[in-house]
Amino acid sequence: MNKDEASGNWKQFKGKFKEKWGKLTDDDLTVIEGKRDQLVGKIQERYGYAKDQAESEVKDWESHNKDYRW
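Reading the values: rules and limits
Residues numbered from 1 in each chain as written. Predicted model: local features only at pLDDT ≥ 70, side-chain atom pairs only at ≥ 80, totals over all residues. Heavy atoms only, no water. Helix = DSSP H or I, 4+ residues; strand = E, 2+ residues; numbered from the N terminus. Buried < 20%, exposed > 50% of the residue type's maximum accessible area, 1.4 Å probe, protein only. Contact = heavy atoms within 4.5 Å. Areas by Shrake-Rupley, 256 points an atom, 1.4 Å probe, with all protein chains shown as cover. Phe/Tyr/Trp six-rings, centres within 6.5 Å; stacked < 30°, edge-to-face > 60°. Polar contact = N/O pair within 3.5 Å; in protein donor to acceptor, adjacent residues only side chain to side chain. Salt bridge = Lys/Arg side-chain N within 4 Å of Asp/Glu carboxyl O.

(A) Main features of the overall build of the protein. Within the protein, the secondary structure is distributed over four helices and zero strands. Ordering the α and β elements of the protein from the N terminus gives α-α-α-α. Burial status across the protein gives 29% buried among its 70 residues. Restricting to contacts in the protein with at least 6 residues of sequence separation, those with at least 24 account for 40%. Split by element, the accessible area of the protein, about 4,700 Å² in all, is 43% carbon and sulfur.

Here's what the structure looks like:
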């Protein structure tokens, strides 16, 4: 996957992230920019989850959105 494909892919999935985790802001998603560990951290921060819980939610999201590649 080249950089343009990754960028387009990220833009497509930002909306899906906001559907699942509505407390994430556009600024949060700009910082995350496709980095899985950043997503887990922002979910922890915004929702007050433990790392294990945030990680579990991201894994669950990934299992339902297999077309997305980090």
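(B) Quick peek at the packing of aromatic side chains. On inspection of all chains with the given rule, the structure shows five aromatic pairs. In this structure an aromatic cluster arises from ring pairing among Phe13, Phe17, Trp21 and Trp61.

(C) Examining the side chain of asparagine 65 more closely. Checked against the element boundaries, asparagine 65 lands in the segment after α4 (51–64). Polar side-chain contacts of asparagine 65 include one of 2.8 Å to the backbone oxygen of tryptophan 61. Residues within four places of asparagine 65 in sequence aside, it is in contact with Phe13 and Lys16.

(D) Representation of the pattern of salt bridges. Going through the model one piece at a time under the given rule, you end up with seven salt bridges. A salt bridge links arginine 46 to aspartate 28; the nearest nitrogen and oxygen atoms lie 2.7 Å apart. Here arginine 46 is found in helix α3 (residues 36–47), whereas its partner aspartate 28 is found in helix α2 (residues 26–32), with 18 residues between them in sequence. According to the relative accessible area criterion, arginine 46 is partly exposed, its value standing at 32%. When its relative accessible area of 3% is taken as the criterion, aspartate 28 is described as buried. Salt bridges here are not isolated pairs; linked through shared partners, they connect Asp28, Lys42, Glu45 and Arg46.

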